[in-house]
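Chain and residue survey
For reference, the chains in residue letters:
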Amino acid sequence: MFKWGIERISGRAVKFRPAHATRVGIAGHNEQNPPWERRIMLIKKPADIRPSEITPPEWYARRREFLKGAAVLGAAALLPPVLRGNLAQAADDDLKPTPYKDVTSYNNFYEFGPSKTDPAENAGSLKTSPWSVMVEGHCEKPGQYALEDFLAPHPPEERIYRLRCVEAWSMVVPWLGIPLGQILPRFQPTASAKYVEFTTWLDPAQMPGQRTQLLDWPYVEGLRMDEAMHPLTLLATGLYGKELPNQNGAPLRLVTPWKYGFKSIKSIVKIRFTEQQPRTTWASEGPSEYGFYANVNPAVDHPRWSQKKERRVGDFFRRDTLPFNGYAEQVASLYAGMDLRKDF
């Protein structure tokens, strides 16, 4: 039987379930280590976690009950404004997972088409085994790695994260995966590695969206090295305790919960350590609309819509969007001194 618990990252709880044993610690650092390694944050497991704070496995067997939340929010409309606001705030603070059916049928994965239903309808053609990942760039151990070797020996963990799309809708997803910061050091990035670039599989025969001119294929995304090494950054291999469905980015996708969803690149086949900021897909397609950093920021609107509120899939009412998608305590220090209106 799995044991459930909570890791506290910089004083804030992040719910997780280790699939086997969870490795917890902090990388050693000294003057010889590259700058990104010295910015890793300590993960602690406090002994004073109350049973009420532990995510019970029964949640996954009671997904239908989560839909009752919509009825509660509907009743809120009948309450006085003060009570209605309190109820809305309580809903904001509650990480109830979005039902599996919605998570796997409402997706942006343009490689399979522009509609939200296209990925679920068209992704069955994608063959995800065998799969390999090419590692190249500024590192001591480049090469082509079978997916199993790329991920080994790290045990996967289950992390319940908010997912905020730049289109102003959101979900809560229980991901299964491995922190990227546990994987990258194995390839021994050099001091010149300031960024990590990720590339999606290119195969128009399996991915019908790539037969169009919708984007400049293949899809490319990137992170600053300290962002990639942050404890919240995850390489996901599954969700809801199951293998990652094709439409959700199988067999390997990035998850950065404080950033807009388009940063979470799917079906990754290449990782490259670079000295210069990568030329990413959406930042190239619309630089005035989609920035490289793409941090969730309700104070910076998209040119064509507001980012102040969002619609949680399955909910009737819109809710306030939180700075950094609710993870400000963990990640805001990464951007100290930056103008987040300019570097959006």
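Relevant structure appears above.
Let us look at the structure shown here.

Procedures and definitions
- Chains are numbered independently. Their residues run from 1 in the order of the written sequence.
- Residues qualify for local features only when their pLDDT is at least 70, as the model is predicted, and side-chain atom pairs are given and counted only at 80 or more; totals for whole chains, interfaces and linings, by contrast, use all residues.
- As a rule here, side-chain values cover all heavy atoms of the structure and leave hydrogens and water aside.
- Each helix corresponds to a stretch of at least 4 residues labelled H or I by DSSP, and each strand to a stretch of at least 2 residues labelled E; elements are numbered beginning at the N terminus.
- Between buried and exposed lies partly exposed: a residue is buried under 20% and exposed over 50% of the maximum accessible area for its type, with that area taken using a 1.4 Å probe on protein chains only.
- Any two residues having at least one pair of non-hydrogen atoms within 4.5 Å are treated as being in contact.
- Accessible areas in this description were obtained via Shrake-Rupley with a 1.4 Å probe; residue shielding takes into account the shown protein chains only.
- The term nonpolar core refers to a set of buried residues drawn from Ala, Val, Leu, Ile, Met, Phe, Trp, Tyr and Cys, joined through side-chain atoms within 4.5 Å.
- Any N or O atom pair separated by 3.5 Å or less is treated as a polar contact, with the protein-specific requirement of one donor-capable and one acceptor-capable atom, and with residues adjacent in sequence counted only for side-chain atom pairs.
- Only one rule defines a salt bridge in this text: a Lys or Arg side-chain nitrogen within 4 Å of an Asp or Glu carboxyl oxygen.
- Aromatic contacts are taken between Phe, Tyr and Trp rings whose centres are within 6.5 Å, Trp giving its six-membered ring; a plane angle under 30 degrees counts as stacked, one over 60 as edge-to-face, and the others as tilted.
- Ring-over charges, as used throughout, are those where CZ of Arg or NZ of Lys falls within 6 Å of the ring centre and within 35 degrees of the ring normal.
- Here the rule is simple: two strands pair whenever DSSP picks up at least two bridges between them.
- None of His or the chain ends enter the tally, which takes Lys and Arg as positive and Asp and Glu as negative.

**Overview of the overall build of the protein**
- When helices and strands are counted, the protein shows 10 helices and 15 strands.
- Counting across all 344 residues of the protein, residues that qualify as buried make up 53%.
- Summarising the internal contacts of the protein: among those between residues at least 6 apart in sequence, 70% fall at separations of at least 24.
- Put simply, the protein shows about 15900 Å² of open surface, and 55% of that area lies on carbon and sulfur atoms.

**Digging into the nonpolar core**
- Phe-150, Trp-175, Leu-184, Phe-198 and Phe-273 are the most contacted members of the largest nonpolar core, which has 66 residues in total.
- Here this core gets 5 residues from one element, more than from any other, and that element is strand β7 (residues 169-179).
- Not counting the four nearest positions on each side in its chain, Phe-150 is found in contact with Val-133, Val-135, Tyr-145, Ile-183, Arg-186, Phe-187, Leu-235, Leu-252 and Ile-271.
- Membership of the second largest hydrophobic core comes to 5 residues, among which are Phe-109, Ala-123, Leu-126 and Met-207.

**Quick word on the side chain of Glu-221**
- Topologically, Glu-221 is positioned in strand β9 (residues 220-224).
- Exposure remark for Glu-221: the relative accessible area of 1% places this residue in the buried category.
- Of the polar contacts made by the side chain of Glu-221, one reaches the side chain of Lys-263; its length is 2.6 Å.
- Excluding residues that lie within four positions of it along the chain, Glu-221 makes contacts with Val-196, Glu-197, Phe-198, Phe-262, Lys-263, Ile-265 and Thr-280.

**Let's talk about the pattern of salt bridges**
- If you walk through the whole model with that rule in mind, you get 12 salt bridges.
- We note a salt bridge from Glu-157 to Arg-159, for which the minimum N-O separation is 2.9 Å. Arg-159 carries the same exposure label as Glu-157, and that label is buried.
- Between Arg-304 and Glu-289 there is a salt bridge, with its nearest N and O atoms 2.7 Å apart. Residue Arg-304 is found in the loop between α9 (281-285) and β14 (309-312), and its partner Glu-289 is found in the loop between α9 and β14; the two are separated by 15 residues along the sequence.
- Note on Arg-304: relative accessible area 54%, which makes it exposed.

**Some remarks on unusual backbone geometry**
- The omega torsion of the bond from Ser-129 to Pro-130 falls at 0°, within 30 degrees of zero and hence cis.
- Its place among the elements puts Pro-130 in the loop between α5 (118-122) and β4 (132-137).
- For the bond from Ala-250 to Pro-251, the omega torsion is -5°, close enough to zero to count as cis.
- Among the secondary structure elements, Pro-251 is positioned in the loop between β11 (242-243) and β12 (253-255).
- Look at Ala-294: it is not a glycine, yet its phi comes out positive at around 55°.
- Within the element layout of this structure, Ala-294 appears in the loop between α9 and β14.

**Some thoughts on the packing of aromatic side chains**
- On inspection of all chains with the given rule, the structure shows 15 aromatic pairs.
- Summarising the aromatic geometry, the rings of Tyr-110 and Trp-282 are spaced 5.8 Å apart at their centres and angled 75° between planes, so their arrangement reads as edge-to-face. On the criterion of sequence distance, the pair formed by Tyr-110 in the loop between α4 (100-103) and α5 and Trp-282 in helix α9 is long-range, its members being 172 residues apart. For the residue pair Tyr-110 and Trp-282, the accessibility class agrees, reading buried in each case.
- Taken together through their ring pairs, the aromatic side chains of Tyr-195, Phe-292, Tyr-293, Phe-324 and Tyr-335 make up a single cluster.
- Sitting above the plane of the Tyr-106 ring, Lys-116 keeps its charged end 5.9 Å from the centroid.

**A few points about the pairing of β9**
- The element β9 is extensively covered by neighbouring structure, given that 5 of its 5 residues are classed as buried.
- Of the two faces of β9, the one holding Val-220, Gly-222 and Arg-224 and the one holding Glu-221 and Leu-223 are both buried throughout.
- Pairing of strand β8 (residues 195-200) with β9, which is carried by 5 bridges, proceeds in the antiparallel orientation. What sits directly across from Glu-197, in β9, is Gly-222.

**Overview of the pairing of strand β13 (residues 268-274)**
- With 5 of its 7 residues buried, β13 lies for the most part within the structure.
- Bridge count between β4 and β13: 4 bridges; the pairing is parallel. When the bridges of β13 are listed, Val-135 appears paired with Ile-271.
- Where β8 lies against β13, 6 bridges are found, and the strand directions are antiparallel. Within the sheet, the bridge partner assigned to Tyr-195 lies in β13 and is Thr-274.

**Comments concerning the side chain of Glu-111**
- By the secondary structure assignment, Glu-111 is in the loop between α4 and α5.
- We note that Glu-111 is buried and unpaired, the nearest opposite charge coming from Lys-266 at a distance of 6.7 Å.
- Each residue touching Glu-111, except ones within four places of it in the same chain, is listed here: Thr-200, Met-207, Pro-208, Gly-209, Gln-210, Trp-217 and Tyr-219.

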